[in-house]
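Residue-level structure breakdown
Spelled out, the chains give:
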Amino acid sequence: MSLKGGKRWLLLGFLLAVFLSWVSGFLNPYDRGVWIDCGINVILAVSLNLILGYTGQFSLGHAGFMSVGGYTAAKLTLVTVALIPASFHPLAFVIACLLGGLAAAVAGLIVGIPSLRLRGDYLAIVTLGAGEIIRVIWQNTEAVGGASGLSGIPKSTTLGWTFAFAVLTIYVVLCLVNSTYGRGFIAVADDELAADAMGINPVRYKVTAFVVGAFFAGIAGALYAHHKQTIVPTGFDWLKSVDIVVMVILGGMGRTPGVIVAAILLTWLPEQLRVIADYRMIVYALLIILLMILRPQGLFTFKTRKGASVS
Amino acid sequence: MNSSDPLLRLRSVSIRFGGLTAVSGVDFEIASREMVGLIGPNGAGKTTVFNLITGVYQPTEGEIEFYAQSLIGLKPNALTRLGIARTFQNIRLFPSLSVFDNVRVAMQVRNPHGMLSALWRGKSFCAGEKVVEKSVMELLSIFHLEGMRSDAATSLPYGAQRRLEIVRALATAPRLLLLDEPAAGMNPAEKEELKELIRFIHEKFEIGILLVEHDMDVVMGVCERIVVLEYGKMIAAGSPEEIRDHRAVIEAYLGNKVEDDWNEEVADA
Ligand SMILES: Nc1ncnc2c1ncn2[C@@H]1O[C@H](COP(=O)(O)OP(=O)(O)OP(=O)(O)O)[C@@H](O)[C@H]1O
Ligand SMILES: [Mg+2]
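Predicted, not measured: the structure shown is a model, and the values here were computed from it. (Residues numbered from 1 in each chain as written. Chains lettered and ligands numbered in written order. Predicted model: local features only at pLDDT ≥ 70, side-chain atom pairs only at ≥ 80, totals over all residues. Heavy atoms only, no water.)

1. Comments concerning the pairing of strand β7 (residues 176–180) of chain B
All names here are of chain B. Burial within β7 is extensive, with five of its five residues counted as buried. Of the two faces of β7, both are covered, the one formed by Leu 176, Leu 178 and Asp 180 as well as the one formed by Leu 177 and Leu 179. Note: strand β6 (residues 84–86) against β7, three bridges, orientation parallel. Following the sheet pairing, Ile 84 is matched in β7 by Leu 176. Pairing geometry for β7 and strand β8 (residues 208–212), over five bridges, is parallel. Considered in β8, the bridge of Asp 180 is made with Val 212. (Buried < 20%, exposed > 50% of the residue type's maximum accessible area, 1.4 Å probe, protein only. Helix = DSSP H or I, 4+ residues; strand = E, 2+ residues; numbered from the N terminus. Pairing = 2+ DSSP bridges.)

In structure tokens:
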């Protein structure tokens, strides 16, 4: 990914999003739905890759942050939809997505500051706990429907918007990775003590990656809510976080292109396996185990990462 | 900060790990641009002194000052920003980063940029990156590592990894450089080169150096002053000549060995 052409890529991506929103009119609703799912999972996996892949922080709370974005955005559009004219609904939707992201970022900050002092397994357990706490909070909050969740959310998520947000996520992650931030993230992942001795504040870098990752997880949650039109707390349990972790590991930790492909593949594959109905999840799980054994370094990793580009 | 203040001052610094007093009442100073050796038998507490100076550990008692400013309570990254850099006894390069990026990541402490500028990538961001890239290349070529700049840091030969770790520390633009056994694992020819390198760094970068080293030839050859630790206590301090003839040092180093071994060892120095 060229650096100086970065903004050009972003523009190209957005143009492609406009094109896609035109194309999506020709797709049947089922295919369109699958492609939107793919886009949402790309956002989730690429943002988790920033935390898990580049910064080396094993977080199992991504579904929790996704739910914060989903609930925040859904509640916002449900409240505003009756108050504003229909022509403003798309705008309200995009703003709700961004606010959902912000809410998730704040949740990321609150969870991250105390827990990112922990390492490895401990961090995994604490973030898993945090994700479950968030879920239980939704379950017990009547304002967001309690255990039965929110329904009747406007179907505002389009293929175009999903793609545009996916492009934005990839752009931001690649820009950060190819800057002092990314090199700091990788240094912290490699050797926290040495990074500290080189003037890198490990806690600050980890919290930064965590908050940026949570922001995009929140956006993914908002897109998800306005795609499925119904969200329930159990849809954001820790198994959902594990799904995203699997995408990052299969794609190759800290390798954004591989993670994008893995996210698409792991969304598309279960859909194709629908024909075998009940055996679907078994086959899916076996495939993942097989891939982990055959390509533990990630599906699309052919040489070792050498960090950010070298002049 | 006063020009007459010493670069570094340790005042009766002690640290206990449970029942073990690893460093006990250590007192010494380093003047700016002075080259000081820190020696002592295995487990004497030399690395622990480094960890105390760099904020990895906080002393149980005592005071550590850098240009008369107390360092107590500061984190390692804050101390690096103040101007203290180090290498590690067991090389700790960043294995996922190239040689070039190992140095660049250390240099960014003096050249930070904000998140928005990293996302926008405007003119000032690109110019800033260019300046850093140029300085990294300069540093690498001074130390003859420019040819390996794209290699993974840990794929380098051992001696080059040691050198790279020193370069990485220098990239933070320190005023005090701590070297923890840089000669460990080197052959005699590499040790000679290392001596030259340390003298060169001292001249060129005009910094103070604290050198922990087991190799007497290296320590005696480059240091202006030597501090000796044994069981966490300072048992001697002085010029290389004084240390060479110091009774307690000879005993500490040799234990039950004969004195002639020591004389032989220092005679080469
Ligand atoms: N974190 C720690 N916890 C407990 N004990 C420690 C810790 N760090 C060091 N020690 C102990 O402090 C003493 C001094 O260790 P240190 O590593 O400073 O010695 P050294 O002089 O660097 O030795 P060497 O020449 O072998 O490198 C040793 O007995 C060591 O076991
Ligand atoms: Mg040591």
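2. Let's talk about the layout of surface pockets
All names here are of chain A. Taken as a whole, the largest pocket encloses approximately 880 Å³ of empty space. Forming the walls of the largest pocket are 33 residues, and the residues nearest its centre are Asp 37, Asn 41, Lys 228, Thr 267 and Glu 271. Mapped onto the lining of the largest pocket, the elements with two or more residues apiece are α2 (29–54), α9 (202–228), α10 (238–251), α11 (256–272) and α12 (280–294). Considering each element in turn, the lining of the largest pocket owes the most residues, nine residues, to α2. Taken together, the residues of the lining of the largest pocket break down into 16 nonpolar, eight polar and nine charged. (1 Å grid on protein atoms, 1.4 Å probe; cavity = no way out; pocket = protein on both sides within 12 Å on 5 of 7 lines; lining within 4 Å. Points joined across faces, edges and corners; volume = space filled by probe spheres on them. Nonpolar A, V, L, I, M, F, W, Y, C, P; charged D, E, K, R; others polar.)

3. Quick look at the sheet that holds β7(B)
Residue and element names in this part refer to chain B. Within the open sheet, the six strands sit side by side as β6-β7-β8-β3-β9-β10. Their pairing is mixed. Two strands close off the open sheet at either side, each with one partner strand: β6 and β10 (233–238). Across the sheet, the mean angle from the axis of one strand to that of its neighbour is 20°, orientation sign disregarded. Here strand β9 (residues 225–230) pairs with β10 via five bridges, running antiparallel. Within β10, the position partnered with Val 228 by the bridge is Ala 236. Relative to β7, helix α1 (residues 46–53) is tilted by about 150°, and along the sheet it contacts β3 (35–39), β6, β7, β8 and β9. Docked against the sheet, helix α6 (residues 158–170) engages β6 and β7, running at close to 160° with respect to β7. (Axes fitted to C-alpha atoms, helices over the stretch in contact; angles between N-to-C directions. Contact = heavy atoms within 4.5 Å.)

It is worth stressing that arrangement in space is one thing and function is another; only the former is reported here.
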